[in-house]
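# Notes for the structure review
One letter stands for each residue in the lines below.
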Amino acid sequence: MTVNLQGRSFLTLMDFTPAEVRHLLDLARELKAKKRQGLYAPLLRGKNIVLLFEKASTRTRCAFEVAALDEGAHVTYLDPAGSQVGKKESIEDSAKVLGRFYDGIEYRGFSQAVVESLARHSGVPVWNGLTDTDHPTQILADFLTLEEHIAKPLSAMKLVFCGDIRNNMSYALMYGAAKTGLHLVVLGPKALAPDPAVLAAARAAGQETGAVIEVSDDVDAAVRGADAIYTDVWASMGEEALIPERVKLLSPFKVTLELLQKTGNPDVKFLHCLPAFHDFETKLAKEQMALGHDIREVTDEAFRSAHSIVFDEAENRLHTIKAVMVATLA
């Protein structure tokens, strides 16, 4: 079946069919192979792309910029200090202006409503680089990485996400599982249970693919038989005041070598969207430890172990983001 995504925005995986998600993963694999071989036929030559960042990032910004440049596009980066978007000019008006200048718009920030408004009013493809409730480009990178390291289709894999199971990564993984038939277990405390509406929507979408999406607070039962374990930081940007409470709630779900061994799978893989608190070499981790709060969501031993594929996963942000831009613009 031919898949044509030209002119489409990429706001959430829930907007795409399983076949369209498969197409993006296959295209990413193809573009990655071409880059490794030094084969360049710029598919975005003459295109202009703007990156709107309300939240700072290393991987997302670099992946979009390098991907665009690889394919011949020009990039403008705007942070909150560099534009009037949402301050002196409404999101709607900003979208209409930027849509006259640019062929595509990336947004990384807080509200999903903002990225949806940009898509509604700009007239050009808009790509979600992260919001408080979704992170679809990360999921493509995660799933490409799983396919590269595990000799099973996604529909035969079991992935366990540990920690804050009502954050954007947990929700984005639910949407990704629904579109690929993945068996996903989100593992965390009942106090941080996911939004029932999000869970219901993902499960309903997953009926088409046979996806299994479970919620658990039982570590031993949840991780048994897992092909991969995933975690994320315990307090997102802007939630630093919640750190003491989160450490108490989430420490039982920290990824350790012992937890990985509980899977019963000697080849279990470990994923993390990064940045990760796995040691005390960051300013925030040092400051919080001095206050008596160990904010590490994964131990250094687990993070650096042979199970860890986090840097392959980080690289795949580039190739999957490139696939999204090529598919929707080229």
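I will try to describe carefully the structure that is included in this document. Note that the structure is predicted; figures quoted are calculated from it, not measured.

Time to look at the overall build of the protein. From N to C terminus, the protein includes 13 helices and 9 strands. A compact globule built from 330 residues would reach a C-alpha radius of gyration of about 20 Å, and the protein, at 19 Å, matches this within 12%. Once the C-alpha set of the protein is aligned to its principal axes, its extents read approximately 55 × 45 × 40 Å. Counting every position in the protein, which comprises 330 residues, the buried fraction comes to 56%. Taking the intrachain contacts of the protein between residues at least 6 apart in sequence as the baseline, contacts between residues at least 24 apart amount to 76%. Of the roughly 13800 Å² of accessible surface on the protein, a fraction of 53% belongs to carbon and sulfur atoms.

Of all hydrophobic cores here, the largest spans 61 residues; its most connected members are Leu146, Leu159, Leu173, Met174, Leu184 and Met325. With residues near it in sequence (within four places) discarded, Leu173 still touches Ile139, Asp142, Phe143, Leu159, Phe161, Leu184 and Tyr230. Core analysis: the next-biggest nonpolar cluster, separate from the first, contains 31 residues, Cys162, Val247, Phe270 and Ala276 among them.

Before going further, it helps to spend a moment on the side chain of Thr328. Inspection of the secondary structure assignment puts Thr328 in helix H13 (residues 310-329). For Thr328, a relative accessible area of 3% gives the class buried. At 3.0 Å, the side chain of Thr328 and the side chain of Trp127 are in polar contact. Once residues within four sequence positions are removed from consideration, Thr328 is found in contact with Leu5, Gln6, Gly7, Arg8, Pro125 and Trp127.

As a further point, take the pairing of strand E6 (residues 183-187). In terms of burial, E6 is largely enclosed, as 4 of its 5 residues are buried. Pairing geometry for strand E5 (residues 158-162) and E6, over 5 bridges, is parallel. When the bridges of E6 are listed, Phe161 appears paired with Val186. The β-α-β motif built from E5, the intervening helix H6 (residues 168-180) and the parallel element E6 has right-handed crossover chirality.

According to the stated counting rule, one finds 6 aromatic pairs in the structure shown. With centroids separated by 5.2 Å and ring planes inclined at 50 degrees, the aromatic side chains of Phe53 and Tyr77 adopt a geometry described as tilted. Of the two residues, Phe53 is situated in strand E1 (residues 48-53) and Tyr77 in strand E2 (residues 74-78); the sequence distance between them amounts to 24 residues.

It is worth spelling out helix H7 (residues 196-206) at this point. Turning to H7, its buried residues number three or more, namely Val198, Leu199, Ala202, Ala205 and Gly206. All buried residues of H7 lie within an arc of 135 degrees about the axis, which places them on one face of the element. More than 90 degrees from the buried face of H7, the exposed residues found are Pro196 and Ala197. For H7, the side-chain oxygen to backbone nitrogen distance between the N-cap and Ala197 is 2.8 Å, and the N-cap itself is Asp195.

Applying the stated criterion across every chain yields a total of 0 disulfides. The cysteine Cys162 is free of any disulfide, with Cys273 supplying the nearest cysteine sulfur at 13 Å. When its relative accessible area of 0% is taken as the criterion, Cys162 is described as buried.

Attention shifts here to the sheet that holds strand E9 (residues 269-272). Ordered by their spatial adjacency, 5 strands build an open sheet running E7-E6-E5-E8-E9, and the pairing between neighbours is parallel. In the strand order of this sheet, the two ends are held by strand E7 (212-216) and E9, each with one partner. Pairwise comparison of adjacent strand axes, ignoring direction, gives a mean angle of 20 degrees for this sheet. Against the sheet, H6 makes contact with E5, E6, E7 and strand E8 (228-231), and its axis sits at roughly 165 degrees relative to E6, the strand it touches most.

Now for the sheet that holds strand E3 (residues 104-108). With parallel pairing, 4 strands are arranged side by side in an open sheet as E2-E1-E3-E4. The two strands at the open ends of the sheet, each matched to only one other strand, are E2 and strand E4 (126-130). Strand after strand, the sheet turns through a mean of 20 degrees between neighbouring axes, direction not considered. In this sheet, E2 lies alongside E1 in parallel orientation, the contact comprising 5 bridges. Bridging across to E2, Val50 finds its partner in Thr76.

The next point concerns the packing of helix H5 (residues 136-149) against H6. In a pair of packed helices, the angle between the axes and the distance between the axes together describe the arrangement. Interhelical geometry of H5 versus H6 gives an angle of 60 degrees and a closest axis separation of 9 Å. Comparing the axis directions of H5 and H6 gives the class oblique. Remark: the crossing between H5 and H6 carries right-handed chirality. Contact residues: H5 offers Gln138, Ile139, Asp142 and Phe143, while H6 offers Met169, Ala172, Leu173, Gly176, Ala177 and Thr180.

What follows deals with the pattern of salt bridges. For the coordinates displayed, the defined rule picks out 25 salt bridges. For the salt bridge of Glu147 with Arg29, the shortest nitrogen-to-oxygen distance reads 2.6 Å. Placement of Glu147 in helix H5 and of Arg29 in helix H1 (residues 18-36) is noted, with a sequence separation of 118 residues between them. We classify Arg29 as partly exposed; its relative accessible area is 33%. In this structure, the salt-bridge partner of Lys152 is Asp227, at a minimum N-O distance of 2.9 Å. Placement of the pair is Lys152 in the loop between H5 and E5 and Asp227 in the loop between helix H8 (219-223) and E8, with a sequence separation of 75 residues. Residue class for Asp227 comes out buried when judged on its relative accessible area of 7%.

Rules and cut-offs
- Residues numbered from 1 in each chain as written.
- Predicted model: local features only at pLDDT ≥ 70, side-chain atom pairs only at ≥ 80, totals over all residues.
- Heavy atoms only, no water.
- Helix = DSSP H or I, 4+ residues; strand = E, 2+ residues; numbered from the N terminus.
- Rg over C-alpha atoms; globule rule 2.2 N^0.38 Å.
- Buried < 20%, exposed > 50% of the residue type's maximum accessible area, 1.4 Å probe, protein only.
- Contact = heavy atoms within 4.5 Å.
- Areas by Shrake-Rupley, 256 points an atom, 1.4 Å probe, with all protein chains shown as cover.
- Core = buried A, V, L, I, M, F, W, Y, C linked by side-chain atoms within 4.5 Å.
- Polar contact = N/O pair within 3.5 Å; in protein donor to acceptor, adjacent residues only side chain to side chain.
- Pairing = 2+ DSSP bridges.
- Right-handed = clockwise from strand over helix to strand, strands pointing away.
- Phe/Tyr/Trp six-rings, centres within 6.5 Å; stacked < 30°, edge-to-face > 60°.
- Arc of directions from axis to C-beta.
- Disulfide = S-S within 2.5 Å.
- Axes fitted to C-alpha atoms, helices over the stretch in contact; angles between N-to-C directions.
- Parallel < 35°, antiparallel > 145°, perpendicular 65-115°, else oblique.
- Left-handed = near helix turned anticlockwise from the far one by under 90°.
- Salt bridge = Lys/Arg side-chain N within 4 Å of Asp/Glu carboxyl O.

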